[in-house]
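Inside the fold
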2 protein chains.
Amino acid sequence: MRNIKVILQYEGTKYQGWQRQDHTGNTVQGKLEALLTKMCGKKVEVTGSGRTDAGVHAYGQVANFHTETQMSLEEIMDYMNRYLPEDIAVIHIEEMPERFHSRLNAKGKTYVYRVINSKVPHIFDRRYVYAVEEDLDMEAMKRAARLLCGTHDFRAFTSHKRSRKSTVRTVDSIEIEKNGDEILFTFKGDGFLYHMVRIMMGTLLEAGTHKRNEAQVKGLLEAGTREEAGYLAPAKGLALVEVFYS
Amino acid sequence: MRNIKVILQYEGTKYQGWQRQDHTGNTVQGKLEALLTKMCGKKVEVTGSGRTDAGVHAYGQVANFHTETQMSLEEIMDYMNRYLPEDIAVIHIEEMPERFHSRLNAKGKTYVYRVINSKVPHIFDRRYVYAVEEDLDMEAMKRAARLLCGTHDFRAFTSHKRSRKSTVRTVDSIEIEKNGDEILFTFKGDGFLYHMVRIMMGTLLEAGTHKRNEAQVKGLLEAGTREEAGYLAPAKGLALVEVFYS
């Protein structure tokens, strides 16, 4: 069996997220599996580095699948790009050792969140950005972001109900850069809980409009609950940019 | 009467072009006139710097309209951006002398045409680029582009049937730049005939794949017909970028 790794881009707008669903299921994983099963004439399962929520985009999602096909890597990539929907693309392909697993071997991820801070719409990017009209205080957001970095229990920053799994994660960095009307938030970490980046974003934006101060952000990490954290920022501003492997 | 000039952006995908049509009419001009007529409580006509075809985008279309409204420029711009469809935006507004006419006073225009020269789709830009898989010879396209510059009779480069109007135009420059997979074609001129940029693009792309040589391009300008010129490149790659006034 060959183990093929692909790097994928997709626009999340029309999908119910990455993960295949049993019944309905307009999902990215579902589209890939249907196509590869057809290509190989045999059921193919695709493993992703992790789920992305409905509406979230990917510039560099990593996935792998096992196949016995004799096709060359270039032929597989061309086939996929020819028959995948126009909002999904394979931008890289390579053959991996049998033990490579795109989720279990992932060591870290980078997400970006794009905000347009203006009353003037950016129409060409409107599917990929979140428009915020109120003035955002860059320094206040940067101070709040510094507090979120490091190893913490992020249970206040996930929409998952209490489970036995650890909610401790390490956020390596949160960079916030302004280019004209656009503010780009770049999150690097070893892994992110369900909705974690979007709740961090809601929290940072509330810091940026002075609805929330540093002490409150600190409190969330110490003994906070989901209800006390910021709002869930819209999916469309978020994109999975890169997955790191050792 | 006040004379208001606006600079507009729009994604052309869903529109039957700029120009209002009597019967059907999902047009940019139609949307603007309906909105401004509502805003002013009185019929408003909007004049554009020129038409853009169905599917063609604008980063900087210029239009003007007369109104007696007492609203401030900022209020007008905010109102328009709040109620226009999500694929049309006003990015600049100013008050002009009564005699300003966005079409008659236009001295020149810049259009860009975006080509992705790759088998790998650029999904996030797919509505704004034309994907060409065959290798394109940059030098051959640049040589052909140089021939098209200058003052010529461009009758072979328009889809309009013979009319009494002059088909002589001056193309000031055609720049062709490659950035990664993307090739950007920038056309500057005093004015362009119906379909002229898209037919020049089809001609340049045929030069780029060696289906057409320099002598043939030269011949088109001397005694060519529409049938002998290149194909009509798709609208979605084209955008009106800037309109110049003296």
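Overview of the structure. (Residues numbered from 1 in each chain as written. Chains lettered and ligands numbered in written order. Predicted model: local features only at pLDDT ≥ 70, side-chain atom pairs only at ≥ 80, totals over all residues. Heavy atoms only, no water.)

A few words on the pairing of strand β10 (residues 238-245) of chain A. Residues and elements named next belong to chain A. Taken together, the 2 bridges between strand β3 (residues 57-67) and β10 define a ladder with parallel strand orientation. The residue bridging Ala-58 from the neighbouring strand is Leu-240, located in β10. Taken together, the 7 bridges between strand β5 (residues 106-116) and β10 define a ladder with antiparallel strand orientation. Bridging across to β10, Gly-108 finds its partner in Phe-244. (Pairing = 2+ DSSP bridges. Helix = DSSP H or I, 4+ residues; strand = E, 2+ residues; numbered from the N terminus.)

This part covers the relation of the copies chain B and chain A. Mapping chain B onto chain A leaves a residual RMSD of 0.0 Å; the transformation is a rotation of 180° accompanied by 0.0 Å of translation along its axis. Within this description, the copies of the chain are treated as partners about a two-fold rotation axis. In terms of proximity to the rotation axis, the leading residue of chain B is Asp125(B), whose C-alpha is 4.6 Å off the axis. In this assembly the copies share their binding face: 100% of the residues contributing to the interface of chain B also contribute to that of chain A. (Least-squares fit on C-alpha atoms with pLDDT ≥ 70 in both. Contact = heavy atoms within 4.5 Å.)

All right, on to the environment of Gly230(B) then. Residue and element names in this part refer to chain B. Among the structural elements, Gly-230 can be located in the loop between α5 (214-223) and β10 (238-245). C-alpha of Gly-230 to C-alpha of Lys-211: the two residues are 19 residues apart in sequence and 9.7 Å apart in space. With residues up to four places along the chain from it excluded, the contact list for Gly-230 reads Ile-199, Gly-202, Thr-203, Glu-206 and Arg-212.

Taken together, the contact between chain B and chain A spans 26 residues of the former and 26 residues of the latter. Carbon and sulfur atoms make up 55% of the surface buried where chain B meets chain A, a total of about 2,100 Å² over both sides. Its largest share of buried area at the contact with chain A, chain B owes to Ile123(B), Phe124(B) and Arg126(B), together 31% of the area lost on that side. Taken together, the links from chain B to chain A amount to 12 salt bridges. Arg82(A) is the salt-bridge partner of Glu133(B), the closest N and O atoms lying 3.3 Å from each other. Counting the contacts that link chain B with chain A gives 12 residue pairs in polar contact (both at pLDDT 80 or more). Elements with a minimum of two residues in the side of chain B that touches chain A: β1 (2-10), β3 (57-67), α2 (73-83) and β4 (88-96) of chain B. Among the elements that take part in the side of chain B that touches chain A, α2(B) stands out by supplying 5 residues, more than any other. Its residues assigned to classes, the side of chain B that touches chain A shows 13 nonpolar, 3 polar and 10 charged. (Buried area = accessible area lost by both parts, 1.4 Å probe. Salt bridge = Lys/Arg side-chain N within 4 Å of Asp/Glu carboxyl O. Polar contact = N/O pair within 3.5 Å; in protein donor to acceptor, adjacent residues only side chain to side chain. Nonpolar A, V, L, I, M, F, W, Y, C, P; charged D, E, K, R; others polar.)

Turning to helix α4 (residues 196-208) of chain A, a few remarks are in order. Between the first and last C-alpha of α4(A) there are 18 Å, a value that for 13 residues agrees with the 18 Å anticipated at 1.5 Å per step. Of all the 13 residues making up α4(A), 13 are buried; the element is thus mostly covered by neighbouring parts of the structure. (Expected span 1.5 Å × (residues − 1). Buried < 20%, exposed > 50% of the residue type's maximum accessible area, 1.4 Å probe, protein only.)

All names here are of chain A. Along the chain, Ser-173 falls in strand β8 (residues 168-179). The spacing of Ser-173 and Asn-81 is 92 residues in sequence and 34 Å in space, taken between C-alpha atoms. Ser-173 has contacts with Cys-149, Thr-186, Phe-187 and Lys-188, leaving out every residue within four places of it along the chain.

This part is about unusual backbone geometry. Residues and elements named next belong to chain A. Positive phi outside glycine occurs at His-195, with the angle close to 70°. The phi angle at His-210 is positive, at roughly 60°, despite the residue not being glycine. In this fold, His-210 is placed in the loop between α4 and α5 (214-223).

This part takes up the packing of aromatic side chains. Working definition: an aromatic ring pair is given by the centre-to-centre distance plus the angle between the planes. Within the structure shown, the criterion is met by 16 aromatic pairs over all chains. Counting every residue linked through ring pairs, the aromatic cluster contains Tyr59(A), Tyr128(A) and Phe124(B). (Phe/Tyr/Trp six-rings, centres within 6.5 Å; stacked < 30°, edge-to-face > 60°.)

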